[in-house]
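Each chain, letter by letter, is given below.
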Amino acid sequence: MIELKNIGKVYRTDTIETLALQQVNLSIRKGEFVSVMGPSGCGKSTLLNIMGLLDMPSEGQVTIAGKRLERLKDKELASFRNHNIGFIFQSYHLIPDLPVVDNVELPLLYRSVSAKERRELAKEALEKVGLSNRLRHYPSQLSGGQKQRVAIARAIVGRPEVILADEPTGNLDSAMGQEVMDILQALNRDGSTIVMVTHDPNMAQQTHRLVRMFDGSQVS
Ligand code: ADP
Ligand code: ADP
């Protein structure tokens, strides 16, 4: 489902070069739930951003669902990302002045889906994360765990095959973190391929496989 071959990434500005990834090779099968761990600054977010087509590698090849990504133009890349990948972040990234249901509809705005169908799909996604009773609330009126569940609903509303989660439980206490983890596991059982960056060994232990990173390289 996800193939990374000899991935390298260098961040360049006028004055500094930062080597963020070198020679990373990773193959993730359809339906796998993989966690990524490693010290701060070792390249976990960079790796996830490259898998999620939010950032381009400096070298190497990325193949997702059989498509070689360096061959896509910017517009095709954005469309491919919108249809195939759902992103979840540690800090939720919800839009504060939109109600929950409108936040969840956002990824569908770039598709040819009617307003009525958008609303139905968003309600369905919110039902999956147990938030049918919070449609008209604003993000500021929700707990951290509820905000993350809204973010998960937004990630899955377009039915992507791949879900990428960057420390999804990092800001949550262990009970709320486990609720989020239970939802990710249910999505995985329903067929989603999931890659999750985490600092929490207890969360990593609940996935199929652990990838360890150190200093821009993958060590296992
Ligand atoms: P992690 O997620 O493991 O904490 P990151 O992938 O965020 O690590 O960062 C890996 C390295 O790349 C770090 O040294 C970081 O400072 C650097 N880095 C990340 N993003 C950028 C950027 N946009 N510009 C310059 N350096 C960056
Ligand atoms: P989150 O709250 O989603 O975990 P992070 O704090 O890990 O966000 O990183 C936010 C963004 O900043 C990421 O896209 C990452 O690539 C970028 N970033 C991380 N480190 C640096 C850095 N040293 N310089 C510039 N950008 C960075």
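Residues numbered from 1 in each chain as written. Chains lettered and ligands numbered in written order. Predicted model: local features only at pLDDT ≥ 70, side-chain atom pairs only at ≥ 80, totals over all residues. Heavy atoms only, no water.

K.L.:
Explain the site of ligand 1 to me, please; I cannot follow it from the model alone.
P.N.:
In the vicinity of ligand 1, the contacting residues are Tyr 11, Thr 18, Ala 20, Pro 39, Ser 40, Gly 41, Cys 42, Gly 43, Lys 44, Ser 45 and Thr 46. Separating an oxygen atom of ligand 1 from a backbone N or O atom of Gly 41 is a distance of 2.7 Å. For ligand 1, the protein covers 60% of the area, taking 550 Å² as the surface of the free molecule. Put simply, the parts of the chain that give the shell around ligand 1 at least two residues each are strand E2 (17-28) and helix H1 (44-51). (Near = heavy atom within 4 Å. Polar contact = N/O pair within 3.5 Å; in protein donor to acceptor, adjacent residues only side chain to side chain. Areas by Shrake-Rupley, 256 points an atom, 1.4 Å probe, with all protein chains shown as cover. Helix = DSSP H or I, 4+ residues; strand = E, 2+ residues; numbered from the N terminus.)

K.L.:
Is there a simple way to think about the site of ligand 2 in this case?
P.N.:
Every residue near ligand 2 is listed here: Ser 45, Asn 49, Phe 89, Gln 90 and Ser 91. A distance of 3.5 Å is found between an oxygen atom of ligand 2 and a side-chain nitrogen or oxygen belonging to Gln 90. Protein contacts shield 32% of the accessible area of ligand 2, which totals 570 Å² for the unbound molecule. Here the shell around ligand 2 is composed, by residue class, of one nonpolar, four polar and no charged. (Nonpolar A, V, L, I, M, F, W, Y, C, P; charged D, E, K, R; others polar.)

K.L.:
Would you take a moment to explain the sheet that holds strand E3 (residues 33-37) for this structure?
P.N.:
Strands belonging to one sheet form pairs held by backbone hydrogen bonds; the direction of such a pair is parallel or antiparallel. What the six strands build is an open sheet, ordered E6-E7-E8-E3-E9-E10; its pairing is mixed. The outermost strands of the open sheet, each flanked by one partner alone, are strand E6 (85-89) and strand E10 (217-218). With five bridges joining them, E6 and strand E7 (residues 162-166) adopt parallel strand pairing. Paired with Gly 86 across the bridge in E7 is Ile 163. Where H1 meets the sheet, its contacts fall on E3, E6, E7, strand E8 (193-197) and strand E9 (209-214), and the angle it forms with E7 comes to roughly 155°. Against the sheet, helix H5 (residues 144-156) touches E6 and E7, its axis set at about 165° to E6. (Pairing = 2+ DSSP bridges. Contact = heavy atoms within 4.5 Å. Axes fitted to C-alpha atoms, helices over the stretch in contact; angles between N-to-C directions.)

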